[in-house]
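# An overview of the molecular structure
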Amino acid sequence: RGVPPPARYGGRHTVTLIPGDGIGPELANHVRELFWFCCVPVDFELVNVDSSLTAEDDINNAIMSIRRNGVALKGNLETNHNLPPSYKSRNNLLRTSLDLYANVMHCQSLPGVKTRHRNIDIMIIRENTEGEYSSLEHESVPGVVECLKIITRVNSLRIADFAFQTARQNGRRRITAVHKANIMKLGDGLFLECCKEVASGYPDIAFDTLIVDNATMQLVSRPQQFDMMLMPNLYGNVVSNVCAGLVGGPGLVPGANHGEHYALFEAGTRNTGRSIANRNSANPTAMLLASCLLLDHLKLPAYAHMIRRATLSTVTETRMHTADLGGQASTSDVIKSIRNAIQSTGPLTQSI
Amino acid sequence: VAMAGNAWRSMIHTVTMIPGDGIGPEISSAVMKIFEAAKAPIQWEERNVTAIKGPGGKWMIPPDAKESMDQSKIGLKGPLKTPIAAGHPSMNLLLRKTFDLYANVRPCVSIEGYKTPYTDVNLVTIRENTEGEYSGIEHVIVDGVVQSIKLITEDASRRIAEYAFEYARNNQRSSVTAVHKANIMRMSDGLFLRKCREVAETYKDIKFTEMYLDTVCLNMVQDPTQFDVLVMPNLYGDILSDLCAGLIGGLGVTPSGNIGANGVAIFESVHGTAPDIAGLDMANPTALLLSAVMMLRHMGLHEYGKKIETACFDTIRDKKVLTKDLGGNSKCSEFTADICRRVVDMD
């Protein structure tokens, strides 16, 4: 797991870059420029996906590119939910085709970011390919729609195993599985069973369970009680958005999607930010931190550390905040601040 | 009931009271004491709803309970024990099916005096309560593969949407937001959305918006003041209504109402039976009391509702006789007596 693609052409990695919609393209540009500025040995293969087209050629090209490169960075692709079911979410297609079964989001309170709760440090592991996102729906009788939620033993064991291994690697002491097995006895019951089975093989890590509605209630009152949370797809959607909101919003938290063979990095809460697109006001933090996760994955820790430290210090020390954090800085103000931070402490960079 | 306002207000209304289990009886009696002090025109008919096996072998609620509810149309219910015995259905589920309680309504308003990190919360979650992900239809397809079916129908979606807009109108709320995940669940949530949009057309005075479930969650924990009335299918409603309850202080202070077909409405506290403190005069009756206030408003008895609610909030704000869960050291009876005193003083 997590074997990076072999470096080609003299130690440089090729990474697929899908700008996406809304604020995606401008943020993707910032990442590219910053990587160039830092002399990061990564070449981006730009793959545009036009989400307004009903044909799936673009997304298939993207999938092929990722199969080739093994790793990708992406912005969110808009899904027009008024189109018929034949038009599938491009983001979901990527995840399922590449079997990116594990979504990881690390939500941490940052000093200098004003939030109602402090000292939050939660790692969320979300099953990323099945559950409610199986896209299996039919209208059995006019006016009656059935939507199938699929839970399998194989995928539940797999995600649980991923969680426990990740917990060990990151010094996490406790995993809480989130479910609704009191109502969905078979589906979530199976998921829980698999989690318990895997947990028994990791006696060093504590394991408990929590019903999803109680989990959200606990999160808004005492989020500090959680360490790592593990759950099926839909609850993962809810919990990760709640946690991201608690630590400061969608502009701050990066997300990683891992599969057996591929890895895909993006902003954690997967927002398009359509209303603030092209206004130079988006918060680039989440995307930049995602690019650092990418660099970690490519085993380029020095570059990852350099960019991450500069990005975080801009938020926490310099307190250069965009509108979403209550500030008045523009995206380019923030980028400039990050470049300055890198320039002053990092290795030789391109001249500003 | 087509009765002139004054006549309606001076009539004595019968309400079916279901005390429930655990702390149920003591918080119910607290509510009844407060209503008496407020001289509310309510006559309580106590009933037990523990399931019994009917003639056909089917589980049902006792006939006298059903009769009382069918007559009075209004119920107030304390927490019910979850039965462990196999075959015995969930009591809440049985009530829901018996009276076709299709809408679960939870107004979430920040309680001044009970501090949480969130102030100024003032929203209402309206949850479709009969279908969706809770249809209970699950199959093992092959060993290790389970399928749970989420059912969305045109009729149930239309009905809940209509209720939501009607509620908004009757309670002077300005907007209704449909919460969905139609980007992923295109057909099911898409159908739900379409029905909401159709109903919105006939309520032009109410603003209608749509928002993804994840966006609602993300925004709710950052700024809950942007939300007004939220309408959604069963599972999202379950999660969001509890999330919102968490914002204002938890299930111990959150009211809830269930609206059924044929004019039936059952208001309830949604916390547990708290067996560890049952009978010790330690329980907090706020949730049941606020549900009873919701009930009074539903019945058009707004002045009594306002009076009792104000007394309750004043007692909490005063902080002198709070129960343990609210951070105090007082007994349930002392808390209740304080509210009664305030209610009497208001007259």
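Remember, predicted model here, so these are calculated numbers, not experimental data. (Residues numbered from 1 in each chain as written. Chains lettered and ligands numbered in written order. Predicted model: local features only at pLDDT ≥ 70, side-chain atom pairs only at ≥ 80, totals over all residues. Heavy atoms only, no water.)

A separate point is the overall build of chain A. Of the regular secondary structure elements, chain A holds 10 helices and 12 strands. For a compact globule of 352 residues, the expected C-alpha radius of gyration is about 20 Å, and chain A comes in at 20 Å, within 12% of that figure. Evaluated residue by residue, chain A yields a buried proportion of 60% over its 352 residues. Sequence-distant contacts, at least 24 apart, represent 74% of the contacts inside chain A between residues at least 6 apart. Summed over all atoms, the accessible surface of chain A reaches about 13,700 Å², with 52% contributed by carbon and sulfur. (Helix = DSSP H or I, 4+ residues; strand = E, 2+ residues; numbered from the N terminus. Rg over C-alpha atoms; globule rule 2.2 N^0.38 Å. Buried < 20%, exposed > 50% of the residue type's maximum accessible area, 1.4 Å probe, protein only. Contact = heavy atoms within 4.5 Å. Areas by Shrake-Rupley, 256 points an atom, 1.4 Å probe, with all protein chains shown as cover.)

Moving on to the sheet that holds strand E1 (residues 13-18) of chain A. Residues and elements named next belong to chain A. Strand order in the open sheet made by the 10 strands is E2-E1-E3-E12-E11-E4-E5-E10-E8-E9, with mixed pairing throughout. Of all strands in the sheet, those bounded by a partner on one side alone are strand E2 (42-46) and strand E9 (206-211). Looking at each pair of strands side by side, their axes are set apart by 25 degrees on average, direction ignored. Against the sheet, helix H7 (residues 233-247) makes contact with strand E4 (102-108), strand E5 (121-127), strand E8 (174-179) and strand E10 (228-231), and its axis sits at roughly 155 degrees relative to E5, the strand it touches most. (Pairing = 2+ DSSP bridges. Axes fitted to C-alpha atoms, helices over the stretch in contact; angles between N-to-C directions.)

On to the sheet that holds strand E7 (residues 144-152) of chain A, then. Overall, antiparallel pairing links the 4 strands, which are arranged E6(A)-E7(A)-E9(B)-E8(B) in an open sheet. The sheet is open, and its two borders are formed by strand E6 (131-141) of chain A together with strand E8 (132-142) of chain B, each paired with just one other strand. In this sheet, neighbouring strand axes are inclined to one another by 30 degrees on average, regardless of whether the strands run parallel or antiparallel. Contacts from helix H5 (residues 187-199) of chain A reach E7 of chain A together with E8 and strand E9 (145-153) of chain B, with the element oriented near 15 degrees to E7(A).

Time to look at the pairing of strand E2 (residues 42-46) of chain B. Residue and element names in this part refer to chain B. Relative to E2, strand E1 (residues 13-18) runs parallel, the two sharing 5 bridges. Bridge pairing in E2 links Met17 to Glu46. Handedness of the β-α-β unit built from E1, helix H2 (residues 24-37) and E2 comes out right-handed. (Right-handed = clockwise from strand over helix to strand, strands pointing away.)

On to the nonpolar core. The biggest cluster of nonpolar side chains holds 71 residues, and the ones touching the most others in it are B:Phe35, B:Leu76, B:Ile126 and B:Val231. Not counting residues within four places of it along the chain, the set of residues in contact with B:Phe35 comprises B:Ala40, B:Ile42, B:Trp44, B:Leu289, B:Ala292, B:Met295, B:Leu296 and B:Ile308. With 65 residues, the next largest nonpolar core counts A:Leu27, A:Ala102, A:Phe162 and A:Ala256 among its residues. (Core = buried A, V, L, I, M, F, W, Y, C linked by side-chain atoms within 4.5 Å.)

Before going further, it helps to spend a moment on the pattern of salt bridges. Here the structure, examined in full by the defined rule, presents 45 salt bridges over all chains. Close ionic contact of A:Glu193 with A:Arg153 constitutes a salt bridge, the shortest N to O distance being 2.8 Å. With A:Glu193 in helix H5 and A:Arg153 in helix H4 (residues 153-169), the pair connects residues that are 40 residues apart, well separated along the chain. The closest approach of N and O atoms between B:Arg317 and B:Asp314, which form a salt bridge, is 2.9 Å. Of this pair, B:Arg317 and B:Asp314 both sit in helix H10 (residues 302-318), 3 residues apart, which is roughly one turn of the helix. Judged by its relative accessible area of 37%, B:Arg317 is partly exposed. One network of salt bridges, in which partners are shared, links B:Asp318, B:Lys320, B:Asp338, B:Arg341, B:Arg342 and B:Asp345. (Salt bridge = Lys/Arg side-chain N within 4 Å of Asp/Glu carboxyl O.)

The subject of this paragraph is the packing of aromatic side chains. Throughout the structure, instances matching the rule amount to 9 aromatic pairs over all chains. Judged by centre distance (5.9 Å) and plane angle (85 degrees), the ring pair of A:Tyr101 and A:Phe162 falls under edge-to-face. With A:Tyr101 in the loop between helix H3 (90-97) and E4 and A:Phe162 in helix H4, this pair connects stretches of sequence that are 61 residues apart. Exposure class is identical for A:Tyr101 and A:Phe162. Each is buried. Measuring from ring centre to ring centre gives 5.9 Å for B:Phe165 and B:Phe208, while their planes differ by 45 degrees; the resulting arrangement is tilted. Taken as a pair, B:Phe165 in helix H5 (residues 154-170) and B:Phe208 in strand E11 (residues 207-212) lie far apart in primary sequence, 43 residues in all. Exposure remark for B:Phe208: the relative accessible area of 21% places this residue in the partly exposed category. Seen from the ring of A:Phe37, A:Arg339 lies directly overhead, with NZ or CZ sitting 4.4 Å from the centre. Residue placement shows B:Lys181 over the ring face of B:Tyr212; its charged tip is 5.6 Å from the ring centre. (Phe/Tyr/Trp six-rings, centres within 6.5 Å; stacked < 30°, edge-to-face > 60°. Lys NZ or Arg CZ within 6 Å of the ring centre and 35° of its normal.)

What follows concerns helix H6 (residues 186-201) of chain B. Since the α-helix packs 3.6 residues into each turn, any two residues three or four apart lie on the same face. Over its 16 residues, H6(B) runs 22 Å from end to end, which matches the ideal 22 Å to within 8%, given 1.5 Å per residue. Looking only at H6(B), the buried set comprises B:Arg186, B:Met187, B:Ser188, B:Asp189, B:Gly190, B:Leu191, B:Phe192, B:Leu193, B:Lys195, B:Cys196, B:Val199 and B:Ala200. (Expected span 1.5 Å × (residues − 1).)

So, on to the side chain of B:Arg106. Residue placement: B:Arg106 occurs in strand E6 (residues 101-109). Of the polar contacts made by the side chain of B:Arg106, one reaches the side chain of B:Asp242; its length is 2.8 Å. (Polar contact = N/O pair within 3.5 Å; in protein donor to acceptor, adjacent residues only side chain to side chain.)

All names here are of chain A. Note on placement: Thr331 falls in helix H10 (residues 331-345). A polar side-chain atom of Thr331 sits 3.2 Å from the main-chain amide nitrogen of Ser281. A polar contact of 2.8 Å, which involves the side chain of Thr331, links it to the backbone oxygen of Ala282. When near neighbours in sequence (up to four residues on either side) are disregarded, Thr331 contacts Leu27, His30, Asn280, Ser281, Ala282, Pro284 and Thr322.

With that settled, consider helix H6 (residues 212-221) of chain A. H6(A) sits mainly inside the fold: 7 of its 10 residues count as buried. Every buried residue of H6(A) is accounted for by A:Val212, A:Asp213, A:Ala215, A:Thr216, A:Met217, A:Leu219 and A:Val220. Among the structural elements, E5, E8, E9, E10 and H7 of chain A together with helix H8 (234-248) of chain B are those in contact with the buried residues of H6(A).

All right, on to the environment of A:Arg126 then. Residue and element names in this part refer to chain A. By the secondary structure assignment, Arg126 is in strand E5. With 28 residues separating them along the chain, Arg126 and Leu98 place their C-alpha atoms 16 Å apart. Ignoring anything within four residues of it in the chain, the contact list for Arg126 reads Tyr101, Ala102, Asn103, Tyr133, Ile159, Met231, Pro232, Asn233, Gly236, Asn237, Ser240 and Arg270. At 3.2 Å, the side chain of Arg126 and the side chain of Tyr133 are in polar contact.

Next up on the list: the confidence of the model for chain B. Of the residues in chain B, 96% have a pLDDT of 70 or more, and the chain-wide mean is 93. The complex model carries a pTM of 0.95, and its ipTM stands at 0.94. (pLDDT = per-residue confidence, 0-100.)

Attention now moves to the UniProt feature "domain: Isopropylmalate dehydrogenase-like" (unreviewed entry) in chain A. As annotated in UniProt, the feature "domain: Isopropylmalate dehydrogenase-like" (unreviewed entry) corresponds to residues 14-338 of chain A in the numbering used here. When the span residues 14-338 of chain A is considered, its composition is 39% helix and 23% strand, and the gap between its end C-alpha atoms is 24 Å. (UniProt positions renumbered as here; feature names shortened; annotations may be inferred.)

The two faces of a sheet get side chains in turn, since along a regular strand they alternate between them. In terms of residue burial, E9(B) counts as a mostly covered element, since 8 of its 9 residues are buried. In terms of strand pairing, E7(A) meets E9(B) through 9 bridges, oriented antiparallel. Bridging from a neighbouring strand, A:Glu146 pairs with B:Leu151 of E9(B). Of the pairings in the sheet, the one linking E8(B) to E9(B) comprises 6 bridges and is antiparallel in character. The residue of E9(B) that forms the bridge with B:His139 is B:Gln147. Counting the residues that bridge the hairpin from E8(B) to E9(B) gives 2 residues, and of these B:Gly144 lies at a positive phi of roughly 90 degrees.

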